[in-house]
Every structure is written in structure tokens, then in C-alpha cells.
Amino acid sequence: MKTYLGAVLCVLLLLNAHAARAEGNIPAKQAKEQGISGGLLERIESISSFLIKDRPHGAHSYWITENPSERTFSSAMEISFSDGPEFAYMFATKDRFKDEDWISSGYVRIWYSPKNVVQTMGEFSEFKYMGTLSKDIVMMKKEDASLTFYLMPAGEGTIVIKRE
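Residues numbered from 1 in each chain as written. Predicted model: local features only at pLDDT ≥ 70, side-chain atom pairs only at ≥ 80, totals over all residues. Heavy atoms only, no water.

Novice: Would you explain the overall build of the protein chain in this entry?
Specialist: Within the protein chain, the regular secondary structure consists of 4 helices and 8 strands. Along its sequence from the N terminus, the protein chain presents helices and strands in the succession α-α-α-β-β-β-β-α-β-β-β-β. When each of the 164 residues of the protein chain is scored for burial, the buried share is 32%. For the protein chain, long-range pairs separated by at least 24 residues make up 42% of all intrachain contacts whose partners lie at least 6 apart in sequence. Counting only carbon and sulfur atoms, one obtains 56% of the accessible surface of the protein chain, whose full area is about 10400 Å². (Helix = DSSP H or I, 4+ residues; strand = E, 2+ residues; numbered from the N terminus. Buried < 20%, exposed > 50% of the residue type's maximum accessible area, 1.4 Å probe, protein only. Contact = heavy atoms within 4.5 Å. Areas by Shrake-Rupley, 256 points an atom, 1.4 Å probe, with all protein chains shown as cover.)

Novice: Just checking my understanding: could you explain the pattern of salt bridges for this structure?
Specialist: When the charged atoms of two side chains with opposite charge come close together, those side chains can pair. In the structure shown here, the tally under the stated rule is 4 salt bridges. The shortest N-O distance in the salt bridge between E70 and K94 comes to 3.2 Å. With E70 in the loop between β1 (57-63) and β2 (73-81) and K94 in strand β3 (residues 84-97), this pair connects stretches of sequence that are 24 residues apart. E70 sits in the partly exposed class, given a relative accessible area of 44%. Residue R109 is joined to E86 by a salt bridge in which the shortest nitrogen-to-oxygen separation is 2.6 Å. With R109 in strand β4 (residues 100-113) and E86 in strand β3, this pair connects stretches of sequence that are 23 residues apart. Assigned by exposure class, R109 and E86 land together as buried. (Salt bridge = Lys/Arg side-chain N within 4 Å of Asp/Glu carboxyl O.)

Novice: Would you mind going over the nonpolar core with me for this structure?
Specialist: Soluble globular proteins: nonpolar side chains tend toward being buried together. Core analysis: the biggest nonpolar cluster contains 25 residues, and I44 and L51 have the highest contact counts within it. Mapped by element, the contributors of at least two residues to this core are α3 (38-52), β2, β3, β4, β6 (138-141) and β7 (148-154). A per-element tally of this core places α3 first, with 6 residues. If near-sequence neighbours (up to four positions away) are discounted, I44 is found in contact with P27, A28, A31, I36, F73, M90 and A92. (Core = buried A, V, L, I, M, F, W, Y, C linked by side-chain atoms within 4.5 Å.)

Novice: Can you help me understand the pairing of β3 in this one?
Specialist: For a regular strand, side-chain orientation follows a simple rule: the groups alternate between the two sheet faces. Summarising the sheet, β2 and β3 pair through 9 bridges and their orientation is antiparallel. Residue F81 lies in a different strand from β3, and its bridge partner there is G84. Between β2 and β3, which pair antiparallel one after the other, the connecting turn spans 2 residues. Two strands pair when backbone bridges link them, and β3 and β4 are joined in this way by 11 bridges, in the antiparallel orientation. Within β4, the residue paired with F97 across the bridge is E100. (Pairing = 2+ DSSP bridges.)

Listed below in C-alpha cells is the structure:
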């Protein structure tokens, strides 16, 4: 009986994992369900698709219900990878610049590396060491891009924070 129940439980877990993947892009789905459309929805779909790809994920999104296509949308996501979870935060907002409508956006990705800060710095050899934010968190940046990494000691490993 235990073997039968174990097999049923395994099948249910596999179905649940498949359903999470099959559900698609959760932040984009949440935005659509709230009536967000146009350029703001396109940006939300673009950034969240870039972050999620086809990985299992969950999301907790925020939006203003009054005129949602004209306001800020943000989403906190847990994205599953084979070596552990990643936290990602994205935002997109409609604004005006020089009498034109623009969509401003960005994202942050956070994950744990079991390597120490010095070893982790070696993985980002194309980035330049810029110093520390105060005393412990290292900042590395590409000179020709807006991409920045922050490396924060965490026990024997490092919390890696990628911002663009």
C-alpha cells in the first residue's frame, strides 16, 4: 500500500510541476487580467519572459487599479533553477519625456553562490571592480553597459545581485 501511495504522490508532484510550467508567464498573465495593455503590457511580457524563460516560477505582482495601463507594475518572482532558486524583481511604468510617452523599466536578480566573494568575482572577469558600497558589498560593472553586479558575503558563500 505504501508503494502505491508513493507512486501516486510522485505522479501528483510531477503533474503539479508540469502545471507550473504550463501556466506560462505569470506576471504577464496577472497584468493582462488587470486590464494592462499597450506598451506597458509589451514591456512586462518582454522583461518577465527574459527572466523566466520556460522555468517553473511563482510571482507576486503589484499594480494600481485606477488606469493600470498608465501606472507602475512590479513583480517579485521566485524562479527555479537546477542549482537552487533565484529571486527576481521587475518593474515597468509609463512616463512622459519630452512630450512623448515612454516605458521605463528594470530588473534585479538575486541568487546564492556557494563560492566566496573573491572566487565569485573571478566568474565576472569581463566586469570591472568598482569598490564597495560601504565596506563589505563589492560592486562590479561593465564600463560600456548599465549592467551591475553586487557581491555580498553570506557565510561561506556569496549573495549575487544583478541589476540592469
